[in-house]
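Spelled out from the first residue to the last, the chains are:
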Amino acid sequence: MKFFQKEISLQSRRRGFHLITSEITGQLTELSQISTGQLQVFIKHTSASLTINENADPTVREDFESHINKMVPENAPYYKHTFEGPDDMPAHIKASLMGTSVNIPVTNGRLNLGTWQGIYLCEHRNHGGSRKVVLTLFGV
């Protein structure tokens with residue numbers, strides 16, 4: 001069994017849902033060494049998250065952003081944690097709802113995602129900056 005782990009920085013993105021599959025695979029050259037295994041992608045932030053969903057139609061990502069903003073609005077009068085602005089507490093709630101990691105099977109040196117699946121960075125802050133993710137790859 002082989003194990004690889006590395007931390008990478010993703011490019012800074014505006015608030016929204018962004019495909020990052022190619023950014024991850026482009027920085028994980030060790031992927032080709034695994035014929036059967038698993039990749040865990042973990043984000044080291046409390047105001048951004050990860051998920052897997054539609055990779056072809058960008059309106060899906062727009063709809064995600066619209067819907068989650070309705071579910072978790074800014075400026076709710078009961079928020080106490082607002083020191084960093086109106087997107088602060090909503091970003092933490094959204095990150096907890098979406099999750100901090102995704103696990104993807106690896107088959108023959110490639111991510112074994114469905115035809116229409118991609119990895120999303122869910123950026124919940126207006127100015128989140130560069131995000132760090134830990135990639136843990138293992139298998140045979």
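As the structure is a prediction and not an experimental result, all values here were calculated from the model.

Caption draft 1: Spotlight on the nonpolar core. Counting residues in each nonpolar core, the largest one holds 22 residues, and the members touching the most others are Ile24, Leu39, Val41, Leu111 and Leu135. For this core, the elements supplying multiple residues, two or more each, are strand 1 (2-10), strand 3 (36-43), strand 4 (48-54), strand 5 (101-107), strand 7 (117-123) and strand 8 (131-139). Discounting chain neighbours no more than four positions away, the residues touching isoleucine 24 are Ile8, Leu39, Val41, Ile119 and Leu135.

Caption draft 2: Inspection of the pairing of strand 3 at higher detail. Going residue by residue along strand 3, you find Gly37, Leu39, Val41 and Ile43 tucked away on one face and Thr36, Gln38, Gln40 and Phe42 left uncovered on the opposite face. Of the pairings in the sheet, the one linking strand 3 to strand 5 comprises 7 bridges and is antiparallel in character. Note on strand 5: the bridge partner recorded for glycine 37 is valine 106. Across 7 bridges, strand 3 lies against strand 8 in antiparallel orientation. If you follow glutamine 38 over to strand 8, its bridge partner there is phenylalanine 138.

Caption draft 3: Summary view of the sheet that holds strand 8. Judged by pairing direction, the sheet is antiparallel, and its 5 strands sit side by side in the order 1-8-3-5-6 without closing on themselves. The open sheet has two edge strands, strand 1 and strand 6 (110-111), and neither has a second partner.

Caption draft 4: Summary view of the sheet that holds strand 4. A sheet is described by the order of its strands in space; here 3 strands give the open sequence 2-7-4, paired in antiparallel fashion. Only two strands of the sheet have a single neighbouring strand rather than two, namely strand 2 (16-19) and strand 4. Across the sheet, the axes of successive neighbouring strands diverge by a mean angle of 35°, strand direction being ignored. Relative to strand 7, strand 4 is paired through 7 bridges, and the arrangement is antiparallel. When the sheet's bridge partners are listed, alanine 48 is paired in strand 7 with glutamate 123. Its contacts with the sheet place helix 2 (residues 58-71) against strand 2, strand 4 and strand 7, and it is angled at close to 150° to strand 2.

Caption draft 5: How the structure looks around the packing of aromatic side chains. Taken as a whole and assessed by the stated rule, the structure comprises 5 aromatic pairs. Between phenylalanine 3 and phenylalanine 138 the ring centres are 5.8 Å apart and the planes differ by 25°, which places this aromatic pair in the stacked class. Of this pair, phenylalanine 3 sits in strand 1 while phenylalanine 138 sits in strand 8, and the two are 135 residues apart along the sequence. Relative to tyrosine 120, the ring of phenylalanine 64 lies with its centre 5.7 Å away and its plane at 80°, an arrangement referred to as edge-to-face. With a gap of 56 residues between them, phenylalanine 64 in helix 2 and tyrosine 120 in strand 7 connect regions that are remote in the sequence. We classify tyrosine 120 as buried; its relative accessible area is 0%. Clustering of aromatic rings is evident, with ring pairs tying together Phe17, Phe64 and Tyr120.

Rules behind the numbers
- Along each chain, residues carry numbers from 1 onward, in the same order as the chain's sequence is written.
- Residue-level local features of this predicted model are given only where pLDDT is at least 70; pairs of side-chain atoms are given and counted only at 80 or more, and the full residue set underlies all totals for whole chains, interfaces and linings.
- In computing side-chain properties, one takes all heavy atoms of the structure into account and sets aside hydrogens as well as water.
- Here, nonpolar core means buried Ala, Val, Leu, Ile, Met, Phe, Trp, Tyr and Cys residues that are tied together by side-chain atoms lying within 4.5 Å of each other.
- Exposed residues in this analysis have more than 50% of their type's maximum accessible area, buried residues have under 20%, and partly exposed residues fall in between, with area computed by a 1.4 Å probe over protein chains only.
- Under the scheme used here, helices are H or I runs from DSSP no shorter than 4 residues and strands are E runs no shorter than 2 residues, and both carry numbers assigned from the N terminus.
- Note on contacts: a residue pair qualifies if any of its non-hydrogen atoms lie within 4.5 Å across the two residues.
- By this definition, two strands are paired if DSSP reports at least two bridges between them.
- For every element, the axis is a line fit to its C-alpha atoms; helices are fit only across the contacting stretch, and the angle between N-to-C directions ranges from 0 to 180 degrees.
- Two aromatic rings, drawn from Phe, Tyr or Trp (for Trp, its six-membered ring), form a pair once their centres lie within 6.5 Å of each other, and the interplanar angle then sorts them: stacked below 30 degrees, edge-to-face above 60, tilted otherwise.

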